[in-house]
Amino acid sequence: MSLPQRVRLVEVGPRDGLQNEAVPVSVSDKLQLVHNLAEAGVSYIEAGSFVSPKWVPQMAGSAELFAGLLRKPGVTYAALAPNLRGFEDALAAGVQEVAVFAAASEAFSQRNINCSISESLERFLPVMEAARLHGITVRGYVSCVLGCPYEGTVAPTQVAAVANELYAMGCYEVSLGDTIGTGTPGATRTLFDVVAGQIPRGKLAGHFHDTYGQALANIYASLLEGIQVFDSSVAGLGGCPYAKGATGNVSSEDVVYLLNGLGIETGIDLDKLIAAGQRISDTLGRANGSRVAKARLSA
Ligand SMILES: CC(C)(COP(=O)([O-])OP(=O)([O-])OC[C@H]1O[C@@H](n2cnc3c(N)ncnc32)[C@H](O)[C@@H]1OP(=O)([O-])[O-])[C@@H](O)C(=O)NCCC(=O)NCCSC(=O)C[C@@](C)(O)CC(=O)[O-]
């Protein structure tokens with residue numbers, strides 16, 4: 001399969017990244033990050049999450065964040081909604097697009113959202129219904145697609161079954177998450193090949209964590225499988241509160257550098273993206289997780 005001319009990046013740093021930071025991050029710092037990302041040309045930003053603040057305290061200010069957004073035309077600002085309560089809160093906050101999230105492993109589903117996979121899918125049905133009613137688009141996630149921290153190996157057919165349920169209930173796109181970053185390019189190709197047996201490739205996205213240093217290689221493998229949407233996190237922020245030892249998502253700067261090198265357009269200004277990533281890294285007092293940013297900023 002030939003490489004695409006254009007790839008869409010879904011920036012998950014303000015949500016997947018910041019949800020896992022140990023130090024509290026103020027709403028104004030989050031807003032600064034989101035605005036900087038939009039200025040860099042990022043067209044899709046997952047900016048918050050309407051989940052229980054007892055479970056994920058870092059996402060507690062999501063309603064204030066959406067209230068304070070200076071929306072740039074052409075940019076989608078999305079948020080996670082695990083149930084109808086989360087959807088209603090997101091709607092009230094002016095969210096344009098939500099994401100529901102399921103897992104391919106039962107144990108992860110229990111730890112992450114306190115219910116079985118089938119219960120989670122049932123919970124999403126009223127979310128889908130309400131979203132349709134209000135003209136809100138819904139993206140779907142499947143976690144643990146290339147391994148689970150509690151169950152180990154996860155069969156691609158199990159991933160395909162859960163992804164297919166999300167797609168069939170109306171998610172316009174399903175993002176396959178390598179939550180613990182154990183996936184390798186070969187396993188990634190097999191996974192997309194199997195899932196694409198049920199869902200068109202153009203409706204799938206890749207979400208890679210870089211725990212084992214495989215994320216960029218997995219993105220390249222996904223490109224070869226015809227995947228054209230990838231989730232990434234500026235400065236490699238993040239991890240997962242329910243997957244011990246998982247590092248952040250692949251860094252957006254590194255993905256843009258990879259895609260630039262392949263002649264694939266993203267619409268993102270790499271220098272501005274690097275500046276946004278360094279700014280939030282300074283705010284958090286943490287090392288910048290992007291290798292490209294580190295190289296560029298020390299040159
Ligand atoms: C799903 C629940 C809420 C179930 O949590 P639960 O305790 O089973 O739910 P419940 O319905 O029994 O409600 C318990 C309490 O939570 C409240 N509640 C109920 N719903 C909400 C809501 N939406 N927002 C705010 N509060 C809520 C509810 O009102 C009640 O409050 P209380 O009476 O105790 O004061 C909980 O398990 C939860 O919030 N989990 C957080 C999961 C999460 O955010 N995980 C991280 C994101 S997923 C991810 O990062 C993976 C991904 C997507 O990036 C892809 C990848 O890398 O794999």
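What you are looking at is a predicted structure, and each value in this text was computed from that prediction instead of being measured.

## Looking at the packing of helix H9 (residues 215-224) against helix H10 (residues 252-261)
Where H9 contacts H10, the two axes come as close as 11 Å, and the packing angle between them is 45 degrees. Considering the angle they form, H9 stands oblique to H10. For the pair H9 and H10, the sense of crossing is right-handed. Here Leu 216, Ile 219 and Leu 223 of H9 come into contact with H10, specifically with Asp 254, Val 255, Leu 258 and Leu 259. Looking at side-chain class alone, the contact of H9 with H10 contains 6 nonpolar, no polar and 1 charged residues.

## What about unusual backbone geometry?
Phi at Asn 114 is positive, roughly 65 degrees, even though this residue is not glycine. Note that Asn 114 resides in the loop between helix H5 (106-113) and helix H6 (117-134).

## Comments concerning the pattern of salt bridges
With the rule as written, the count across this model stands at 13 salt bridges. Among the salt bridges present, the one from Arg 8 reaches Glu 173, with a minimum N-O distance of 2.5 Å. Here the residue Arg 8 occupies a position in strand E1 (residues 8-11), and Glu 173 occupies one in strand E6 (residues 173-178), the gap between them amounting to 165 residues. When its relative accessible area of 3% is taken as the criterion, Glu 173 is described as buried. Of the charged contacts in the structure, one is a salt bridge between Glu 225 and Arg 201, with a shortest N-O distance of 2.8 Å. One end of the pair, Glu 225, is in the loop between H9 and strand E8 (229-232); the other, Arg 201, is in the loop between helix H8 (185-195) and strand E7 (204-208), and 24 residues separate them in sequence. On the basis of relative accessibility, which here comes to 8%, the residue Glu 225 falls in the buried class. Residue Arg 201 is classed as partly exposed on the basis of its relative accessible area of 24%.

## A look at the site of the ligand
In the vicinity of the ligand, 26 residues are found, and the nearest of them are Ser 52, Asn 112, Asn 114, Ser 143 and Thr 179. Between the ligand and the protein, one listed contact pairs a nitrogen atom with a backbone N or O atom of Gly 86 at 3.3 Å. Those elements giving two or more residues to the shell around the ligand turn out to be helix H1 (13-17), helix H4 (84-92), H5 and strand E5 (137-143). Classifying every residue of the shell around the ligand by side-chain character gives 11 nonpolar, 10 polar and 5 charged.

## Section: the pairing of E5
Of all 7 residues making up E5, 6 are buried, and the element is well covered by its neighbours. Bridge analysis of strand E4 (residues 97-103) against E5 gives 7 bridges, and the strand direction is parallel. Residue pairing for E5: Phe 101 is matched across the bridge by Tyr 141. Taken together, the 4 bridges between E5 and E6 define a ladder with parallel strand orientation. Residue pairing in the sheet places Arg 139 in a bridge with Glu 173 of E6. In the classification by handedness, the crossover that spans E5, the intervening helix H7 (residues 156-168) and the parallel E6 is right-handed.

## Points about the nonpolar core
Core analysis: the largest hydrophobic core is formed by 85 residues, its most contacted members being Phe 66, Val 142 and Leu 176. Considering each element in turn, this core owes the most residues, 7 residues, to H6. Beyond its immediate stretch of four places on either side in the chain, Leu 176 contacts Val 142, Val 145, Val 159, Ala 163, Leu 191, Phe 192, Val 195, Ala 205, Gly 206 and His 207. Listed in part, the 12 residues of the second largest apolar core include Tyr 44, Ala 99, Ile 113 and Cys 115.

## Remarks on the confidence of the model for the chain
Overall, the prediction assigns the chain a mean pLDDT of 96, with 97% of residues at 70 or greater. On the interface metric, ipTM, the complex scores 0.97, and its pTM is 0.97.

The rules behind the values
Residues numbered from 1 in each chain as written. Predicted model: local features only at pLDDT ≥ 70, side-chain atom pairs only at ≥ 80, totals over all residues. Heavy atoms only, no water. Axes fitted to C-alpha atoms, helices over the stretch in contact; angles between N-to-C directions. Helix = DSSP H or I, 4+ residues; strand = E, 2+ residues; numbered from the N terminus. Parallel < 35°, antiparallel > 145°, perpendicular 65-115°, else oblique. Left-handed = near helix turned anticlockwise from the far one by under 90°. Contact = heavy atoms within 4.5 Å. Nonpolar A, V, L, I, M, F, W, Y, C, P; charged D, E, K, R; others polar. Salt bridge = Lys/Arg side-chain N within 4 Å of Asp/Glu carboxyl O. Buried < 20%, exposed > 50% of the residue type's maximum accessible area, 1.4 Å probe, protein only. Near = heavy atom within 4 Å. Polar contact = N/O pair within 3.5 Å; in protein donor to acceptor, adjacent residues only side chain to side chain. Pairing = 2+ DSSP bridges. Right-handed = clockwise from strand over helix to strand, strands pointing away. Core = buried A, V, L, I, M, F, W, Y, C linked by side-chain atoms within 4.5 Å. pLDDT = per-residue confidence, 0-100.

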